[in-house]
Amino acid sequence: MQEAPCLISNNNIGSSTTQHHHVHPKNTYNIFVGSWNVGGVSPPDHHMDEALNEWLRASTHDKPADLYVFGFQEIVPLNARNVIVTENNKICSKWNSSIRAALNKNTTSKQEEDEDNNNNNKFQKVYPIKNDNNNNNNRGELFGYLISKQMVGIFISIWVRSDLLQCINNLSVARVGCGLMGYLGNKGSVSVRFLLHETSFCFVCSHLASGGKEGDERLRNENASKILSLTTFTSSNAHHHFPRKILDHDCIIWLGDLNYRIQLPEDLTRLLVEKREWDILLKNDQLKVEMNEGHIFEGWNEGEIKFAPTYKYNSNSQSYFGTHNHNNLNHHHQIKHQIKRRAPAWCDRIIWLGKGLKQNHYGRREMQLSDHRPVCSFLTYHTNL
């Protein structure tokens, strides 16, 4: 049995709430994409927006993007109870509230700054997020909430430069479960599709099958194939033909904990990581191998990886899980953890497909909330307008 995709759609996002001046299409859109497996840890009540600011610094000149796409995995612990509860509005609102504060901090226009020089914190207030698809809660901010959607631990949240909200239409969401029993949402994807002017965008946030045994990469390939096959978007406008499948879109970005590992013995992997021998490790990276051999994601692109593996760390630590000399482990726990050791790997990835896409930055950030480090990419999409 397979979970039917959960679909919603929306016509023009801005037209139902406020009147806007016409915004002419531009030839280039800057896109920030970030992915983070937070290991079931809720965002702290304080200073999370400051941590997210570090994540956002993906551009050489810190130039704001036009679109911000945040993908999370394990926003709730993946226990039996949570696996059967698809959505948790409270935790989603906490993440959205932190994102709103981070995006709109220190990004006021020059006119707004001149009008309020004595109140630098004016645009740092955190507003509650409504889990809907309209923009009537954006309150004049530079970056407005477009949509967010959860499936168990997978969560995607998209924000847009506020003046572009009126230019977005045919918004649709699809969820595909690939987890327990082959269809539950502890693994799978949440995808968002929309049109910005005449360009179709599709963002796929996924958490694929785990496991470090030989052959487990085939399970991840099967998950990705299922997502490509079953994800179907609906349209509220029956008189126009809009893309319905992921691969039908102009600009496609896939992000998430893809869980691909390094095909080398654990001790050798750890030694090469310690020596920062990325080229040798990447030649044995499962995702690179599977893509190069045409088993999955054939024709897709990924930027050059020049950063350390993002998994698996001790929580609140700079050391990888299973490290012998980790100070917080006594001898008993050391033996127990060595049995369950996980070799470092680039589990967290961002890949893309589309003729007009160019990546300007691909990196990781040193936020220690979970056993994964977040990754981010700053891309530019050039249209043919």
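Preceding block: the structure.
Residues numbered from 1 in each chain as written. Predicted model: local features only at pLDDT ≥ 70, side-chain atom pairs only at ≥ 80, totals over all residues. Heavy atoms only, no water.

Quick look at the nonpolar core
Side chains of nonpolar character tend, in soluble globular proteins, to be buried together.
Phase 1: With 48 residues, the main nonpolar core has Ile31, Leu146, Ile158, Phe194, Phe201, Phe203 and Ile253 as its most contacted residues.
Phase 2: Discounting chain neighbours no more than four positions away, the residues touching phenylalanine 201 are Tyr29, Ile31, Leu67, Val192, Arg193, Phe194, Leu196, His249, Cys251 and Tyr381.
Phase 3: Trp36, Val38, Ala102 and Phe155 belong to the second largest nonpolar core, which has 27 residues in total. (Core = buried A, V, L, I, M, F, W, Y, C linked by side-chain atoms within 4.5 Å. Buried < 20%, exposed > 50% of the residue type's maximum accessible area, 1.4 Å probe, protein only. Contact = heavy atoms within 4.5 Å.)

Re the pattern of salt bridges
Phase 1: Tallied over the entire structure, the rule returns 14 salt bridges.
Phase 2: Arginine 161 is paired through a salt bridge with aspartate 163; the nearest N and O atoms lie 2.7 Å apart.
Phase 3: For arginine 161, a relative accessible area of 18% translates into the label buried.
Phase 4: Since its relative accessible area comes to 32%, aspartate 163 is described here as partly exposed.
Phase 5: Of the charged contacts, one joins arginine 349 and aspartate 285 as a salt bridge, the two residues approaching to 2.9 Å between their closest N and O atoms. Residue arginine 349 is found in strand β10 (residues 348–353), and its partner aspartate 285 is found in the loop between α7 (278–283) and α8 (286–292); the two are separated by 64 residues along the sequence. Aspartate 285 matches arginine 349 in its accessibility class, with the two residues each being buried.
Phase 6: Members of the salt-bridge network, linked through shared partners, are Asp285, Lys288, Glu302 and Arg349. (Salt bridge = Lys/Arg side-chain N within 4 Å of Asp/Glu carboxyl O. Helix = DSSP H or I, 4+ residues; strand = E, 2+ residues; numbered from the N terminus.)

Observations regarding helix α3 (residues 89–103)
Phase 1: For α3, which comprises 15 residues, the first-to-last C-alpha distance of 21 Å matches the rise-based estimate of 21 Å (1.5 Å per residue) to within 8%.
Phase 2: Burial analysis of α3 places eleven of its 15 residues in the buried class, which makes it a mostly covered element.
Phase 3: Buried within α3 are the following residues: Ile91, Cys92, Trp95, Asn96, Ser97, Ser98, Ile99, Arg100, Ala101, Ala102 and Leu103.
Phase 4: Structurally, α3 contributes buried residues whose contacts are with β2 (28–37), α1 (48–56), β3 (67–73), β4 (143–151) and β5 (154–161).
Phase 5: Two or three places before lysine 90, at the start of α3, stands the capping residue asparagine 88, its side-chain oxygen 3.2 Å from that residue's backbone nitrogen. (Expected span 1.5 Å × (residues − 1). Polar contact = N/O pair within 3.5 Å; in protein donor to acceptor, adjacent residues only side chain to side chain.)

Structural notes on the sheet that holds strand β12 (residues 375–382)
Phase 1: Pairing is mixed in the open sheet, where six strands are placed in the order β4-β5-β3-β2-β12-β11. A strand with exactly one partner marks an edge of an open sheet, and here the two such strands are β4 and β11 (357–364). When strand polarity is set aside, the average angle formed by the axes of neighbouring strands in this sheet is 15°.
Phase 2: Two strands pair when backbone bridges link them, and β3 and β5 are joined in this way by six bridges, in the antiparallel orientation. Note that in β5 the partner of phenylalanine 70 across the bridge is serine 157.
Phase 3: In the packing of α1 onto the sheet, contacts are made with β2, β3 and β12, and the angle to β2 comes to roughly 125°.
Phase 4: The strands touched by α3 are β2, β3, β4 and β5; relative to β5, the strand with the most contacts, the crossing angle is about 30°. (Pairing = 2+ DSSP bridges. Axes fitted to C-alpha atoms, helices over the stretch in contact; angles between N-to-C directions.)

Details of unusual backbone geometry
Phase 1: A cis amide bond links tyrosine 311 to the next residue, lysine 312, at an omega of 0°.
Phase 2: Note that lysine 312 resides in the loop between α8 and α9 (331–339).
Phase 3: The phi angle at asparagine 170 is positive, at roughly 55°, despite the residue not being glycine.
Phase 4: On the secondary structure map, asparagine 170 appears in strand β6 (residues 168–177).
Phase 5: Even without a glycine there, the phi angle at asparagine 259 is positive, about 70°.
Phase 6: Given the relative accessible area of 3%, asparagine 259 is considered buried.

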